[in-house]
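Now for the letters of each chain:
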Amino acid sequence: MGINLNDLLRHYRSHIFEDYQVETPHTGVISYKVQDGQTVEGPSGEWLQRPGTLLYIIEREKNVKKMYTSWNGQVTGIRPDLEGHFVEAGEVVLSIRHRLDKNEIIDRILTQVLNILRAPQQARYFLSSDISAKLGKHPECRIAIEPGDEIVIMSLMKRDTAISYKEASGVLYKVYFRSGDIVEQGSPLLGICPSDRLQYVQEVVQRIRTDWENM
Amino acid sequence: MADSGKLLSQLADRISYLIDIKGSSAWINLKELQDRVQGLRHSLFEIKEADLYNEIDRIEDRVSFMEDRVAKKLSPAEIVNIVRSVQRFTLIDILENVYDSYTELGGEGECNLDPAVVVARATISRRVKNKLYSHQVMVIGHEKGRGEEYRNGGCAKPWGNDKALRYMMVAETEGIPIHFFIFTPGSYPVEDYPGAAQQIARNIYVMARLRVPMVSFISEGGSGGAEAIGLSDFRLMGSRGYYSVISPEGAAAIEGKIREGEKVPKDLIEHCATQLKITASDNLKLGTIDRIVEEPPLGAKREDYAFFRRLRYEMLRATDEIVLKTKNFRAFRAYALRRQTEEGKNVPEDFDVAISWNLTELEIDRLLELRSKKYREMGKDFFLKKSKGLAQRFRRAKDLASRGYYELRYGLLRPHHRNVQKVIEEVSSEGSVFFKKVTEPVRAAYDFVFPQPKRPAKVVSSEGSDRRSIFAEEWEPYLSPLANEDRTVTCPNASKYGCMDLWVPDLYGEFCGVCPNCGHHFPLEYQWYLKNLFDKDSVREFNNHIASSNPLGFRGFDARLRRDIRRTGRMSSIITFDARVFGIRLVVAMLFSNFRGGTVGAAEGEKFVRACDIAKTTRRPFLAYVHTTGGIRIQEGTLGVVQMPKCTLAVREYIESGGLYIVVYDNNSYAGPVASFLGCSLYQFGIRSSRIGFAGPRVIRETTGRNVPPGYHSAKNALRRGHIQGIWDRREFRKNLYDALMTMGGHNLYYR
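Residues numbered from 1 in each chain as written. Chains lettered and ligands numbered in written order. Predicted model: local features only at pLDDT ≥ 70, side-chain atom pairs only at ≥ 80, totals over all residues. Heavy atoms only, no water.

**Thoughts on the overall build of chain A**
For step 1, the next point in the chain: Secondary structure assignment for chain A yields four helices and 16 strands.
For step 2, the next point in the chain: Relative to its length of 215 residues, chain A is extended, with a C-alpha radius of gyration of 22 Å against a globular reference of 17 Å.
For step 3, the next point in the chain: With respect to the three principal axes, the spread of C-alpha positions in chain A is 60 × 50 × 30 Å.
For step 4, the next point in the chain: Each of the 215 residues in chain A was classed as buried or not, and the buried ones make up 36%.
For step 5, the next point in the chain: Counting only contacts in chain A whose residues sit at least 6 apart along the sequence, the fraction spanning at least 24 positions is 70%.
For step 6, the next point in the chain: Summing over all exposed atoms, chain A offers an accessible surface of approximately 12600 Å²; the carbon and sulfur share of this is 47%. (Helix = DSSP H or I, 4+ residues; strand = E, 2+ residues; numbered from the N terminus. Rg over C-alpha atoms; globule rule 2.2 N^0.38 Å. Buried < 20%, exposed > 50% of the residue type's maximum accessible area, 1.4 Å probe, protein only. Contact = heavy atoms within 4.5 Å. Areas by Shrake-Rupley, 256 points an atom, 1.4 Å probe, with all protein chains shown as cover.)

Here is the structure:
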């Protein structure tokens, strides 16, 4: 696969922040509602129904539009010269410096290291019966997957289609959906870890979980 | 010593009951008394017996004095506390003490479809001249106690109300009376199938014409939850019960505009409890109940056997009265029953008469008539009639004339006309078959000798040739005043579907308030529908003289009412009118948002009932278009609540006489009206982007502790749950309405 886990770790250690640039959706007069260095919260609630912190207001044709943040983090790069002025569409008005948490780093590493089986189309997905039975008995067990194994069943229009695994053999490391859920096309279903990397991946994940802050 | 332990335990119960009533132990020195009793219980064997009994006597005197003092001046809020006390009697106590024997149906205890609703077949007996007479009854009610953790405090879930309905129908099949016992703070507000509102509506709809006598007893009557099993021929209420449109806390939160999570001030709750007129005596004055069953001064508890005896007597007497009213020969028995009542407050040992509760078909018809009359009379004196004497007389004369005309046209002439048509049709069919048999051999021979080329058969339209195009615009459309603003607005789905900002004159003009990208419907004023939905100049309003009032004298409500009348130029939140849609004449009731949020009170209920009656008389389809309704108007208290059964009864009678009733929801439709006369319609539709439900998200969160996902009340979800039959686009409302009228009404519109 040519992926060096140490390099990945090093990369995330040196790039613990991600900067998201906030652009204007259209032209208008903007007025900031946050200041540089201010901490902002992203959407919250069980269904992310509560909007995040109000960043700025943009007004066009007497239409006052409130723009909220989609990420947690700190506000940087506010441009005071734009305050109260007309801006073009796509103008970067500020950035949110988001600190990656442990789970986000693990997710990013796993996406690069594991063989990800993605949903071929939007449908209802089930784990194959033997995998489901094994996970039902021992949720933490590592199930060996060989190329050609039917691991997921796609149920669409009253027709069940078995989906086979085609990559190198490995163990089932992560299940991204709940059996019976409707999954959108392209979303990850399963993550399979090649056998030779398993131990190393587990160690790295464990290490991130326990002492990422000290690393 | 054993006795002293029992006495102390009783005293502790009495003190804790007083604390329940007063809402805290801070009143006078209840806390100190409670501590003293606790102290005595702990040191029971360390004190001399004589000293102990002296101390118990002293405390008892003090407690009795306090009880008298509380009983003398019970406020409505304290009555609410009595009803909610854990020491108050519950349905199981009634089943055990009022009835001779009972068998619980539909599950027992926690192994029950909905433990908050208890159904039982029971026997109740009376003694007449040393002879015992037993009656079979179906008992349906809410259970608050005996396993509070799974009873949900008596809040019936939709499937609990469904269970109640199933056994009501069993009672109807078996022809036995039903005794309802209402102990609910309100229905459990979930939309899961069958849906809180829709199930209550179904219950009321069925109860409106249930062919058995029904008696209900109210201890805690919380609005819609109570109505689900509350429509009955005789309504009793405990003297220390309450019957209300909303809990005092809920009313206080609305009145005080309290934000979610904030504490509602106690004074405001007490103020609202007083203003809502929730006590038994208030309800008797308003005519929403028929009789009060006296309880002990501080309310009946679980061991008040004298009260159970009285309740048994009152249930028997109420059922007797219902049954007797349906009889042709009842003078002596009615006199005996009346005499028995007048004898005094004590419950007699023996009954003077034994009345059989079996009814003949004719008597059942009379029972239904009386039920209809009873509910139609409710709240009739509590709205204003703003018309002069002459206009009133003219209106009456017009009503009489039109009733006579339609009775003649549809009641007398139409059946004969149909019969003659049927005979002609049959004779001509017979003739054509006979003629064919005779001429067929000759024709076959002719065709053989002179063969003819085959021609395609002519298509004959069954609809007639004069049907106009339903897409044609026949007049200049009405333009919403919202369009007179030079600005843009953002579609709420812009982030999801990438909708562009919309220029207001376009949005409210050409686009009819609909986002051209995602189809989101922006709210439009009700006038838009009046002008665009019906044929030009076809709207003829009626009963405009019926005006909303402030029947309970709710403080500050008069000013709000005046403001809305001035602002809208209308007297109530409902407009009733005749109109045409592509030539089809129909009667419409329209609830609109600008007047008290489309809430329903006595005036609105009366106008709705009259519109139903007009539709019935004129044999026209009836459309209820709900621009918005916020539920029952809380400032009218139970006078508003009784509009639920009253209007549902009118709807049921209209549908049974052969009418077509269609409901269309727009914007927001919640609570009482949806849980009664709207939700009972067989054909319900929603305009896109509308919300339909029983209680709003905040109420659901506060009562159930559950969060509801965004879009929980959306029309789409209502369709998924089977609450509505379809979602209509506003731009095609007129066409869809026409189609619905033609499809469901058929060619010979609406009257069988």
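**Some thoughts on the overall build of chain B**
For step 1, the next point in the chain: When its secondary structure is counted, chain B shows 26 helices and 22 strands.
For step 2, the next point in the chain: Projected onto its principal axes, the C-alpha positions of chain B cover 130 × 75 × 60 Å.
For step 3, the next point in the chain: The burial tally for chain B puts 54% of its 752 residues in the buried class.
For step 4, the next point in the chain: A separation of at least 24 residues holds for 75% of the contacts in chain B among residues at least 6 apart in sequence.
For step 5, the next point in the chain: In chain B, the 112 positive side-chain charges and the 94 negative ones have mean positions that sit 6 Å from each other. (Lys, Arg positive; Asp, Glu negative; His and termini not counted. Charge placed at Lys NZ, Arg CZ, Asp CG, Glu CD.)

**Details of the packing of aromatic side chains**
Residue and element names in this part refer to chain B.
For step 1, the next point in the chain: Under the criterion given, the structure shown has 27 aromatic pairs over all chains.
For step 2, the next point in the chain: Ring geometry for F307 versus F308: centroids 5.8 Å apart, planes at 55°, classification tilted.
For step 3, the next point in the chain: For F307, a relative accessible area of 3% corresponds to the buried category.
For step 4, the next point in the chain: Judged by relative accessible area, F308 falls into the buried class, the value being 1%.
For step 5, the next point in the chain: Relative to Y529, the ring of W528 lies with its centre 5.2 Å away and its plane at 75°, an arrangement referred to as edge-to-face. Accessibility classification places W528 together with Y529 in one group, the buried group.
For step 6, the next point in the chain: One aromatic cluster is present, formed by F89, Y99, F181, F183, F217, Y305, F307 and F308 through successive ring pairs. (Phe/Tyr/Trp six-rings, centres within 6.5 Å; stacked < 30°, edge-to-face > 60°.)

**Some details on the domain arrangement of chain A**
For step 1, the next point in the chain: Each domain of chain A was delimited in the assignment, giving domain 1 (17-99) and domain 2 (103-211).
For step 2, the next point in the chain: Taking only C-alpha atoms, the centre of domain 1 of chain A and the centre of domain 2 of chain A are 37 Å apart. (Domains from an automatic or database assignment.)

**Topic: the pattern of salt bridges**
Residues and elements named next belong to chain B.
For step 1, the next point in the chain: Taken as a whole, this structure holds 56 salt bridges over all chains when the rule is applied.
For step 2, the next point in the chain: Note that R563 and D564 form a salt bridge whose closest N and O atoms lie 3.9 Å from each other.
For step 3, the next point in the chain: Since its relative accessible area comes to 41%, R563 is described here as partly exposed.
For step 4, the next point in the chain: A cluster of three or more residues bridged by salt bridges with shared partners is formed by R209, R376, D613, R652, E653 and E656. (Salt bridge = Lys/Arg side-chain N within 4 Å of Asp/Glu carboxyl O.)

**Structural notes on the domain arrangement of chain B**
Residues and elements named next belong to chain B.
For step 1, the next point in the chain: Along its sequence, chain B is organised into domain 1 (2-73), domain 2 (86-377), domain 3 (481-516) and domain 4 (524-745).
For step 2, the next point in the chain: Taking only C-alpha atoms, the centre of domain 1 and the centre of domain 2 are 34 Å apart.
For step 3, the next point in the chain: Residue-level contacts link eleven residues of domain 1 with seven residues of domain 2.
For step 4, the next point in the chain: For the pair domain 1 and domain 2, the summed buried area comes to about 680 Å², and 56% of that belongs to carbon and sulfur atoms.
For step 5, the next point in the chain: At the surface where domain 1 touches domain 2, the tally comes to zero salt bridges.
For step 6, the next point in the chain: Taken together, the links from domain 1 to domain 2 amount to three residue pairs in polar contact (both at pLDDT 80 or more). (Buried area = accessible area lost by both parts, 1.4 Å probe. Polar contact = N/O pair within 3.5 Å; in protein donor to acceptor, adjacent residues only side chain to side chain.)

**Section: the packing of helix α8 (residues 196-208) of chain B against helix α23 (residues 643-656) of chain B**
Two quantities define a packed helix pair, namely the angle between the helix axes and the distance between the axes.
Residue and element names in this part refer to chain B.
For step 1, the next point in the chain: Axis separation between α8 and α23 bottoms out at 9 Å; the angle between their running directions is 65°. Along this stretch, α8 crosses α23, giving a crossing that reads as right-handed. Listed contacts from α23 to I200, I204, Y205, V206 and A208 of α8 are M644, P645, T648, L649, R652 and I655.
For step 2, the next point in the chain: A per-class count over the contact of α8 with α23 returns nine nonpolar, one polar and one charged. (Axes fitted to C-alpha atoms, helices over the stretch in contact; angles between N-to-C directions. Left-handed = near helix turned anticlockwise from the far one by under 90°. Nonpolar A, V, L, I, M, F, W, Y, C, P; charged D, E, K, R; others polar.)

**Here we look at the sheet that holds strand β17 (residues 622-626) of chain B**
Residue and element names in this part refer to chain B.
For step 1, the next point in the chain: Strand order across the open sheet formed by seven strands is β13-β15-β16-β17-β18-β20-β22, with mixed pairing between neighbours. In the strand order of this sheet, the two ends are held by β13 (540-542) and β22 (726-728), each with one partner. Strand-to-strand twist of the sheet, defined as the mean angle between neighbouring strand axes without regard to direction, takes the value 30°.
For step 2, the next point in the chain: The pairing of β17 with strand β18 (residues 661-665) spans five bridges and is classified as parallel. Across the sheet, Y625 pairs through a bridge with V664, a residue of β18.
For step 3, the next point in the chain: Packing against the sheet, helix α21 (residues 602-618) makes contact with β13, β15 (574-581), β16 (584-591), β17 and β18, and its axis sits at approximately 25° to β15. (Pairing = 2+ DSSP bridges.)

**Concerning α8(B)**
Residue and element names in this part refer to chain B.
For step 1, the next point in the chain: Its 13 residues give α8 an end-to-end C-alpha distance of 18 Å, which sits within 8% of 18 Å, the value for a rise of 1.5 Å per residue.
For step 2, the next point in the chain: Counting buried residues in α8 gives twelve out of 13 residues, a clear majority hidden from the surface.
For step 3, the next point in the chain: All buried positions along α8 are accounted for by A196, A197, Q198, Q199, I200, A201, N203, I204, Y205, V206, M207 and A208. (Expected span 1.5 Å × (residues − 1).)

**Observations concerning the sheet that holds strand β1 (residues 17-23) of chain A**
Residues and elements named next belong to chain A.
For step 1, the next point in the chain: Ordered in space as β1-β8-β6-β3, the four strands form an open sheet in which the pairing is antiparallel. The sheet is open, and its two borders are formed by β1 and β3 (39-40), each paired with just one other strand.
For step 2, the next point in the chain: One ladder, built from two bridges, connects β3 with strand β6 (residues 73-76); its direction is antiparallel. Bridge pairing in β6 links T39 to Q74.

**Quick word on the nonpolar core**
All names here are of chain B.
For step 1, the next point in the chain: Counting 145 residues, the largest nonpolar core has I140, M168, I178, F608, F622 and Y661 as its most contacted members.
For step 2, the next point in the chain: Ranked by the residues each element gives to this core, the list is headed by α8, at nine residues.
For step 3, the next point in the chain: Beyond its immediate stretch of four places on either side in the chain, M168 contacts I140, I178, F180, N203, M207, L210, A228 and I229.
For step 4, the next point in the chain: L91, V139, F308 and V347 belong to the second largest nonpolar core, which has 40 residues in total. (Core = buried A, V, L, I, M, F, W, Y, C linked by side-chain atoms within 4.5 Å.)

**Quick look at the side chain of B:E653**
Residue and element names in this part refer to chain B.
For step 1, the next point in the chain: For E653, the position within the fold is in helix α23.
For step 2, the next point in the chain: On the basis of relative accessibility, which here comes to 11%, the residue E653 falls in the buried class.
For step 3, the next point in the chain: Within the local environment of E653, its side chain forms a polar contact with the side chain of R376, the two groups lying 3.0 Å apart.
For step 4, the next point in the chain: Discounting residues that sit within four places of it in the chain, E653 has contacts with R209, S372, R376 and K616.

**Looking at the packing of helix α10 (residues 248-255) of chain B against helix α11 (residues 266-275) of chain B**
Residue and element names in this part refer to chain B.
For step 1, the next point in the chain: Remark: α10 packs on α11, axes separated minimally by 8 Å, with the N-to-C direction vectors making an angle of 110°. One element, α10, and the other, α11, form an angle in the roughly perpendicular class. Between α10, through P248, E249, A251, A252 and E255, and α11, the contact on the second element is made entirely by L268, I269, C272 and A273.
For step 2, the next point in the chain: Residue composition of the contact of α10 with α11, grouped by class: seven nonpolar, no polar and two charged. (Parallel < 35°, antiparallel > 145°, perpendicular 65-115°, else oblique.)

**A short note on a nonpolar patch on the surface**
For step 1, the next point in the chain: Nonpolar side chains collect at one region of the surface, where B:Y446, B:F448, B:V449 and B:F450 lie side by side and expose about 500 Å² of accessible area between them.
For step 2, the next point in the chain: Tracing the backbone shows B:F450 in the loop between α16 (389-449) and β11 (488-489). (Patch = residues over 30% accessible without salt bridge, like charges linked within 9 Å, V, L, I, M, F, W, Y side chains within 5 Å.)

**Brief notes about the interface of chain B and chain A**
For step 1, the next point in the chain: Taken together, the contacts link ten residues of chain B with nine residues of chain A.
For step 2, the next point in the chain: In total, about 830 Å² of surface goes out of reach between chain B and chain A, with carbon and sulfur atoms giving 46% of it.
For step 3, the next point in the chain: Three residues, B:T488, B:D501 and B:N707, lead the burial of chain B against chain A; their summed loss comes to 44% of the area buried on that side.
For step 4, the next point in the chain: With its nearest N and O atoms 3.0 Å apart, the salt bridge here joins A:K65 to B:D501.
For step 5, the next point in the chain: The interface formed by chain B and chain A contains seven residue pairs in polar contact (both at pLDDT 80 or more).
For step 6, the next point in the chain: By residue class, the composition of the side of chain B that touches chain A is four nonpolar, three polar and three charged.

**Section: a positive patch on the surface**
Residue and element names in this part refer to chain B.
For step 1, the next point in the chain: A cluster of basic side chains, namely K380, K385, R393 and R396, defines a positive patch on the protein surface.
For step 2, the next point in the chain: In this structure, R393 sits in helix α16.
For step 3, the next point in the chain: The class of R393 is exposed, set by a relative accessible area of 56%.

**A short note on the pairing of β6(A)**
For step 1, the next point in the chain: By the bridge criterion, three bridges tie β6(A) to strand β8 (residues 92-99) of chain A in an arrangement that is antiparallel. By the bridge assignment, A:V75 is partnered in β8(A) with A:I96.

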